[in-house]
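Close look at the chain arrangement
The lines below spell out each chain.
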Amino acid sequence: MSTATAEPMVRIRSVRKRFGPLEVLRGVSLDVPDSGVVCVIGPSGSGKSTLLRCVNRLETIDAGRIWVDGELIGYREVGGRLHALPPRELNRQRAKIGMVFQRFHLFPHRTAAENVAEGPVTVQGMGKRQARDLAAELLERVGLADRAHHYPAQLSGGQQQRVAIARSLAMRPKIMLFDEPTSALDPELVQEVLAVMRDLAEGGMTMIVVTHEMNFAREVGDHLVFMDDGAIVEQGVPREVLAEPRHERTRAFLGQVL
Amino acid sequence: MSTAGVLPAEDDAAELPVVPARTVRPGRWVAAAAATLFLAWLAYTIIVSPNLHWDVVVGNQFDHRILTGLWVTIALTVVSMTVGVLLGVLTAVMQLSGNVVLRGAASLYTWFFRGTPLLVQLIFWFNFALVFPQIGIGIPFGGPKLVEWQTNALITPFVAGLLGLTINEGAYMSEIVRAGINAVDPGQREAAEALGMSHAQVLRRVVLPQAMRVIIPPTGNQFISMLKTTSMVSVIAGADLLTVAQHIYLDNFEVIALLIVASVWYLLLTTIASVGQHFVEKRFNRGHGGLPRRIGRNLLPFTRRERLV
Ligand SMILES: Nc1ncnc2c1ncn2[C@@H]1O[C@H](COP(=O)(O)OP(=O)(O)O)[C@@H](O)[C@H]1O
Ligand SMILES: [Mg+2]
């Protein structure tokens, strides 16, 4: 992070979020430089998913600001005051932010190719032929060219997750958010998904990855964040944080998962 | 079995011949014979009964008045179901929206029309002129009218029947649609929103197509039931199959024969609808393992090849 002088691709500042009486994010700040890969680890319930969901505004935030690609998410600042964006503007912002879910959430009534083409056709108004070519190209990229006409129910978990990644990529996002993308997979299917993500990272995609795959965090991540109880407890170069955590809570967590 | 020598007992067991359990059940045979005998006797009595004028049945089965009534029944069913489904979708979406006023209006509608008898509603629409002798378009709250009609001219028995059936059906369909929408995994909505889809797009492209799987079977039942429910419009002289049959038997006093004529048509319609229902349900199970995987895959080229996007 130290060399990044340019505007970060994602800027999260003092974000707070509560669900009723429960404060789930207690002032989280984080920068992700262009082409950076930030991995987020932490115990269940620490607010990792919520943080990701705030970035593409599947959740509203109670305080703080989030910018993606220089744009304030969810609001427009006019005369020192924040005005909530109308739905159309929100949708435009979301279209630039890819999101991959733990449980894939592919559209079960559409084939792999149709899933990938859905965003460009419906949201961007892309022509069907062009969208079909794009879907073919992206499925090829995630190694599923031969599964284009299969329905999600006919694919393995790993294949479904790769289709889900292709579906997000079809929108040509500026950043990709991954929420435990391999946690719902059988162990033997984890690597094929991680390989696709590694590929993306090497291609210069800006990524925030919530994961329990410490090897991935170490080898692919530029930066590692440990969250606990709604706050970032410790962060730094993945190799260093994983090898010599400075905080007691980080040590306790890593002791459990490693 | 590399350890065969260690486990001789198991090998012996595997070679024992299997004798299926004896399934001769004398009670069943007796019951079947009795039922057959009863049905034969019933058929015989019905066919030879001098009180059932089969010649009248045959003579009236294709009577042009009956056929006209048949068309009215079909029209009432198709129109009230089509509009009723649209009304149901609209009401369900209103009910699930965040807007309190829309939600309240939708709840009031379903509460009222599910809570009063359809028969009462039909008679009400038929007598709508008693409440509003004229219907017009203009400025509300007593302002000037641009166009105005006599209600009696506008609301014929057919229109009254259509109104009653449609509005009633919409109230029931809204519950069915709502259940269907609620059955869709919330993750689907989120995935669609994350792509940047608007609320309307999420609903149209992602939620409703999946809700269809849940909505279609009960809707098919509603359709089949509606084929028969249309007969209620006979109380307001709705010109449907039953109304026409009644008109004829009031002339020739062949009550039973004409009821049989009507029933034959109702049975034919419901049978065709049931077959249609079966195929529609199959179609909407696509992508959900409704078919065994291998067969499903082999069928794909035939069903979806040209419809990639
Ligand atoms: N929609 C919600 N309503 C209420 N509580 C929620 C909601 N989403 C998450 N939470 C709570 O917020 C906390 C953080 O959740 P989450 O961000 O999913 O954690 P993580 O992804 O780190 O496991 C948990 O206690 C969870 O129960
Ligand atoms: Mg989570």
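Each remark here, short or long, concerns the structure printed above.
These figures come from a predicted structure and were not determined experimentally.

Rules of the game
- Residues numbered from 1 in each chain as written.
- Chains lettered and ligands numbered in written order.
- Predicted model: local features only at pLDDT ≥ 70, side-chain atom pairs only at ≥ 80, totals over all residues.
- Heavy atoms only, no water.
- Near = heavy atom within 4 Å.
- Polar contact = N/O pair within 3.5 Å; in protein donor to acceptor, adjacent residues only side chain to side chain.
- Areas by Shrake-Rupley, 256 points an atom, 1.4 Å probe, with all protein chains shown as cover.
- Helix = DSSP H or I, 4+ residues; strand = E, 2+ residues; numbered from the N terminus.
- Nonpolar A, V, L, I, M, F, W, Y, C, P; charged D, E, K, R; others polar.
- 1 Å grid on protein atoms, 1.4 Å probe; cavity = no way out; pocket = protein on both sides within 12 Å on 5 of 7 lines; lining within 4 Å.
- Points joined across faces, edges and corners; volume = space filled by probe spheres on them.
- Contact = heavy atoms within 4.5 Å.
- Buried area = accessible area lost by both parts, 1.4 Å probe.
- Salt bridge = Lys/Arg side-chain N within 4 Å of Asp/Glu carboxyl O.
- Pairing = 2+ DSSP bridges.
- Axes fitted to C-alpha atoms, helices over the stretch in contact; angles between N-to-C directions.
- Patch = residues over 30% accessible without salt bridge, like charges linked within 9 Å, V, L, I, M, F, W, Y side chains within 5 Å.
- Buried < 20%, exposed > 50% of the residue type's maximum accessible area, 1.4 Å probe, protein only.
- Parallel < 35°, antiparallel > 145°, perpendicular 65-115°, else oblique.
- Left-handed = near helix turned anticlockwise from the far one by under 90°.
- Core = buried A, V, L, I, M, F, W, Y, C linked by side-chain atoms within 4.5 Å.

A separate point is the site of ligand 1. All names here are of chain A. Lining the immediate environment of ligand 1, one finds Phe 19, Leu 22, Val 24, Pro 43, Ser 44, Gly 45, Ser 46, Gly 47, Lys 48, Ser 49 and Thr 50. Take Lys 48: an N or O atom from its side chain is 2.9 Å from an oxygen atom of ligand 1. At a separation of 2.5 Å, an oxygen atom of ligand 1 approaches a polar side-chain atom of Thr 50. With the chains in place, 59% of the 560 Å² that ligand 1 exposes on its own is no longer accessible. Only β2 (22-32) and α1 (48-55) provide two or more residues apiece to the shell around ligand 1. Considering each element in turn, the shell around ligand 1 owes the most residues, 3 residues, to α1. Residue composition of the shell around ligand 1, grouped by class: 4 nonpolar, 6 polar and 1 charged.

This part takes up empty space enclosed by the protein. Taking a probe equal in size to a water molecule and rolling it over the atoms shows the remaining empty space. If you walk through the whole model with that rule in mind, you get 2 cavities of 30 Å³ or more. Each pocket or cavity is described by its volume, and for the largest cavity that value is around 60 Å³. For the largest cavity, the full set of lining residues is A:Arg94, A:Ala95, A:Ile97, A:Gly98, A:Met99, A:Phe101, A:Arg167, A:Ser168, A:Met171, B:Ala191, B:Ala194 and B:Leu195. Of all elements in the fold, only α2 (87-95), β8 (97-100) and α5 (157-169) of chain A together with α10 (186-194) of chain B reach the threshold of two or more residues within the lining of the largest cavity. Among the elements that line the lining of the largest cavity, the one with the most residues is β8(A), at 3 residues. In terms of residue class, the lining of the largest cavity is made up of 8 nonpolar, 2 polar and 2 charged.

Here we come to the interface of chain A and chain B. Contact residues are listed per partner, giving 33 residues for chain A and 28 residues for chain B. In total, chain A and chain B occlude about 2,900 Å² of area from one another, counting both sides; carbon and sulfur atoms represent 58% of this. The tally of links from chain A across to chain B stands at 2 salt bridges. We note a salt bridge from A:Arg53 to B:Glu190, for which the minimum N-O separation is 2.7 Å. Across the chain A-chain B interface, the total number found is 7 residue pairs in polar contact (both at pLDDT 80 or more). Mapped by element, the contributors of at least two residues to the side of chain A that touches chain B are α2, β8, α3 (112-122) and α4 (128-141) of chain A. Ranked by the residues each element gives to the side of chain A that touches chain B, the list is headed by α3(A), at 7 residues. Counted by class, the side of chain A that touches chain B contains 15 nonpolar, 10 polar and 8 charged residues.

So, about the sheet that holds strand β3 (residues 37-41) of chain A. Residue and element names in this part refer to chain A. An order of β8-β9-β10-β3-β11-β12 is seen for the 6 strands of this open sheet, with the pairing classed as mixed. Strands with a single pairing partner mark the edges of an open sheet, and in this sheet they are β8 and β12 (231-236). Geometrically, the sheet is characterised by an average inter-axis angle of 20° between neighbouring strands, direction not taken into account. One ladder, built from 5 bridges, connects strand β11 (residues 223-228) with β12; its direction is antiparallel. Bridged to Val 225 within β12 is Gln 235. Strand contacts of helix α6 (residues 187-202): β3, β9 (175-179) and β10 (206-210), with the helix running at about 145° to β10, the strand carrying the most contacts.

Once that is clear, we can look at a nonpolar patch on the surface. Residues and elements named next belong to chain B. A grouping of Phe 38, Leu 39, Trp 41, Leu 42, Tyr 44, Ile 46, Ile 47, Val 48 and Trp 54 is seen on the molecular surface, where their side chains present a nonpolar patch of about 930 Å² in accessible area. A total of 8 residues in the nonpolar patch trace back to one element, the largest contributor, which is helix α2 (residues 26-48). Following the sequence through the fold, Leu 39 ends up in helix α2. Classification of Leu 39 as exposed rests on a relative accessible area of 54%.

Residue and element names in this part refer to chain A. Interaxial distance between α4 and α5 falls to 9 Å at its minimum, and their mutual angle equals 135°. One finds that α4 runs oblique with respect to α5. Like other packed secondary-structure pairs, α4 and α5 cross with a definite hand, here right-handed. Contact residues: Leu 138, Leu 139 and Arg 141 in α4; Val 163, Ala 166 and Leu 169 in α5. Tallied by class, residues from the contact of α4 with α5 come to 5 nonpolar, no polar and 1 charged.

Residues and elements named next belong to chain A. By size, the foremost hydrophobic cluster in this structure holds 52 residues, and its most contacted members are Leu 139, Ile 165, Met 176, Phe 178, Met 197 and Met 207. Considering every element that reaches this core, the biggest residue donor is α6, with 8 residues. Excluding residues that lie within four positions of it along the chain, Ile 165 makes contacts with Val 100, Met 176, Phe 178, Val 193, Val 196, Met 197 and Leu 200.

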